[in-house]
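Given next are the chains, with one letter for each unit.
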Amino acid sequence: LWDQHRLSAGAHRPPGPSVKEEAPVNQYPRIRDLREDRDKTQWEIAQVLGTSQTMYARYERGANELPIRHLITLCRYYHVSADYILGLDEGKQSR
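Below, the structure is looked at part by part. Being a predicted model, the structure only gives us computed values, none of them experimental.

1. Concerning the overall build of the protein chain
For the protein chain, the count of helices and strands is 6 helices and 0 strands. Residue pairs in contact within the protein chain that sit at least 24 positions apart in sequence constitute 45% of those at least 6 positions apart. Counting only carbon and sulfur atoms, one obtains 50% of the accessible surface of the protein chain, whose full area is about 7,000 Å².

Here it is in structure tokens:
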């Protein structure tokens, strides 16, 4: 076991995972923009998806992956392509 005494003595940390966790990258940068552009609350969109507001907020933050069924529902609701929601396409038009 690696102990605090060795660390304080200036020893190098053994290779392995970093202690500091990086913040999750928002995988779905546009779902918040789409919601806010339409003056909708997280609760309202969560109702459309059949999930809780808390879970929807986690999707917006990128803390949870957006299930494909929700992606499809959002595409239909906002009339945009999946590529647009995923940040792969600049155009908002659904195909």
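2. A few points about the environment of Trp43
With respect to the helices and strands, Trp43 occurs in helix 3 (residues 42–49). Judged by its relative accessible area of 52%, Trp43 falls in the exposed class. In this structure, the C-alpha to C-alpha distance between Trp43 and Thr54, residues 11 residues apart in sequence, is 8.4 Å.

3. Focus on the packing of aromatic side chains
A complete count under the given rule lists 1 aromatic pair for this structure. The ring of Tyr84 is capped by Arg30, whose NZ or CZ atom sits 4.2 Å from the centre of that ring.

4. Focus on the environment of Asp83
Relative to the assigned elements, Asp83 resides in helix 6 (residues 82–85). Those residues in contact with Asp83 that lie beyond four places of it in its chain are Arg30, Leu88 and Asp89.

The rules behind the values
- Residues numbered from 1 in each chain as written.
- Predicted model: local features only at pLDDT ≥ 70, side-chain atom pairs only at ≥ 80, totals over all residues.
- Heavy atoms only, no water.
- Helix = DSSP H or I, 4+ residues; strand = E, 2+ residues; numbered from the N terminus.
- Contact = heavy atoms within 4.5 Å.
- Areas by Shrake-Rupley, 256 points an atom, 1.4 Å probe, with all protein chains shown as cover.
- Buried < 20%, exposed > 50% of the residue type's maximum accessible area, 1.4 Å probe, protein only.
- Phe/Tyr/Trp six-rings, centres within 6.5 Å; stacked < 30°, edge-to-face > 60°.
- Lys NZ or Arg CZ within 6 Å of the ring centre and 35° of its normal.

Read these as geometric descriptors, not functional statements.
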